Amino acid sequence: MRLSLAFYERPALIVARQLIGKTLVHHAGGGRRAGRIVETEAYVGEHDLACHASKGRTRRTEVLFGPPGRAYVYFIYGMYHCFNVVTEAEDVAAAVLVRALEPVAGIPPGQSTDGPGKLCRALRITLAQNREDLCGKRLFLEDGPPVKGSLVRRGPRIGVDYAGQWARKPYRFWVRDNPFVSARRFSR
DNA sequence: CTATTGATGGTC
DNA sequence: ACCATCAATAGG
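Residues numbered from 1 in each chain as written. Chains lettered and ligands numbered in written order. Predicted model: local features only at pLDDT ≥ 70, side-chain atom pairs only at ≥ 80, totals over all residues. Heavy atoms only, no water.

Attention now moves to the overall build of chain A. When helices and strands are counted, chain A shows four helices and eight strands. What you see in chain A, going N to C, is helices and strands ordered as α-α-β-β-α-β-β-β-α-β-β-β. Dimensions of chain A along its principal axes, counting C-alpha atoms only, are 40 × 35 × 35 Å. Accessible surface for chain A amounts to roughly 9,000 Å². Of this, 53% is attributable to carbon and sulfur atoms. (Helix = DSSP H or I, 4+ residues; strand = E, 2+ residues; numbered from the N terminus. Areas by Shrake-Rupley, 256 points an atom, 1.4 Å probe, with all protein chains shown as cover.)

Following this line, the structure appears as structure tokens:
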């Protein structure tokens with residue numbers, strides 16, 4: 001069952017935790033590509049120095065300030081894309097980065113999904129999907145069996161050392177011992 | 001196993 | 001100039 005607007009219209013930390021175990025689905029090029037979410041990170045608002053919205057309202061971050069349930073896709077390091085879900089009410093610029101998937105459908109064997117750049121490549125998510133409505137038919141999330149709390153671990157976000165004390169907050173969630181989680185050395 | 005570096009382009 | 005990444009490489 002597809003997740004509805006009400007799911008996204010909550011604090012990013014709640015959505016990040018609840019997204020663990022859900023399935024991300026993208027219909028592209030005539031194929032259905034899907035993966036089970038096993039790692040996420042919350043970016044909680046303008047005051048969060050690791051959140052892109054802390055730079056203010058720009059063309060790139062505008063979507064974060066918009067309504068929840070939209071995709072925020074950005075291009076990074078000249079060659080990768082990262083996929084986020086916009087959360088919270090309009091004008092609250094929070095989002096959840098999806099960092100790793102367990103392949104479910106339409107992903108060739110051997111293609112990795114253990115990292116935000118890699119999962120976008122595998123699901124064919126690019127800037128063309130930026131701002132896409134996740135309650136639509138092309139790109140959306142589906143419910144799945146709940147993942148027990150004892151199986152979900154929490155720790156600091158990856159790659160945000162520039163954000164001072166915000167870099168150390170435990171805003172990253174992952175499934176314990178799951179082989180598809182990124183940054184294995186930080187994921188036990 | 002850890003540490004370092006280069007690829008490559010949108011954004012401000 | 002900076003960057004919410006990744007793969008390749010060198011070294012212990």
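Another aspect to go through is the protein's contact with DNA strand C. Around DNA strand C there are 19 residues in total, and His-52, Tyr-74, Tyr-80, Asn-84 and Tyr-162 lie nearest to it. When the atoms of DNA strand C within 4 Å of the protein are grouped by moiety, sugar and phosphate amount to 57% of the total. Backbone polar atom of Ala-50 to a base nitrogen of DNA strand C: 3.5 Å apart, as the coordinates give it. Note that a base nitrogen of DNA strand C is positioned 2.5 Å from one of the side-chain N or O atoms of His-52. Of all the elements in the fold, those that place two or more residues in the surface near DNA strand C are strand S3 (71-76), strand S4 (80-87), strand S5 (94-105) and helix H4 (116-123). Counted by class, the surface near DNA strand C contains twelve nonpolar, five polar and two charged residues. (Near = heavy atom within 4 Å. Polar contact = N/O pair within 3.5 Å; in protein donor to acceptor, adjacent residues only side chain to side chain. Nonpolar A, V, L, I, M, F, W, Y, C, P; charged D, E, K, R; others polar.)

Quick look at the side chain of Glu-88 now. Tracing the backbone shows Glu-88 in the loop between S4 and S5. It is Arg-10 that comes nearest to the buried, bridge-free Glu-88 among opposite-charge side chains, at 9.6 Å. In this structure Glu-88 touches Tyr-8, Glu-9, Arg-10, Pro-11, Ala-12, Pro-68 and Ala-94, once residues within four positions along its chain are discounted. (Buried < 20%, exposed > 50% of the residue type's maximum accessible area, 1.4 Å probe, protein only. Lys, Arg positive; Asp, Glu negative; His and termini not counted. Salt bridge = Lys/Arg side-chain N within 4 Å of Asp/Glu carboxyl O. Contact = heavy atoms within 4.5 Å.)

Tracing the chain through its elements places Gly-29 in the loop between strand S1 (23-28) and strand S2 (31-43). Separated by 158 residues in sequence, Gly-29 and Ser-187 place their C-alpha atoms 34 Å apart.

Attention shifts here to the packing of aromatic side chains. Per the stated rule, a full pass over the model turns up two aromatic pairs. Ring centres 5.4 Å apart and planes at 80 degrees place the aromatic pair Phe-7 and Tyr-8 in the edge-to-face group. Accessibility expressed as a relative area gives 11% for Phe-7, which makes it buried. Centre to centre, the rings of Tyr-72 and Tyr-74 are 5.5 Å apart; their planes meet at 35 degrees, and the pair counts as tilted. (Phe/Tyr/Trp six-rings, centres within 6.5 Å; stacked < 30°, edge-to-face > 60°.)

What follows is about the protein's contact with DNA strand B. The immediate surroundings of DNA strand B are formed by Thr-58, Arg-59, Arg-60, Phe-75, Tyr-77, Gly-78, Met-79 and Arg-185. Each atom of DNA strand B within 4 Å of the protein was classed as base or backbone; sugar and phosphate made up 62%. The separation between a phosphate oxygen of DNA strand B and a polar main-chain atom of Arg-60 is 3.3 Å. One nitrogen or oxygen atom from the main chain of Gly-78 is found 3.4 Å from a base oxygen belonging to DNA strand B. Of the residues belonging to the surface near DNA strand B, the class tally is three nonpolar, two polar and three charged.

This part covers the nonpolar core. Counting residues in hydrophobic clusters, the biggest one holds 56 residues, and the most contacted among them are Leu-19, Leu-24, Leu-64, Phe-83, Ile-125, Leu-134 and Leu-141. The dominant element in this core, judged by the number of residues it contributes, is S5, at seven residues. Beyond its immediate chain neighbours, meaning those up to four positions away, Leu-64 contacts His-52, Ala-53, Tyr-72, Val-86, Val-92, Ala-93, Ala-94 and Ala-95. (Core = buried A, V, L, I, M, F, W, Y, C linked by side-chain atoms within 4.5 Å.)

What follows deals with the side chain of Thr-23. Summarising the element assignment, Thr-23 is placed in strand S1. On the accessibility criterion, Thr-23 (13% relative accessible area) is buried. Apart from the residues within four sequence positions on either side, Thr-23 is in contact with Ala-34, Gly-35, Arg-36, Phe-140, Leu-141 and Glu-142.

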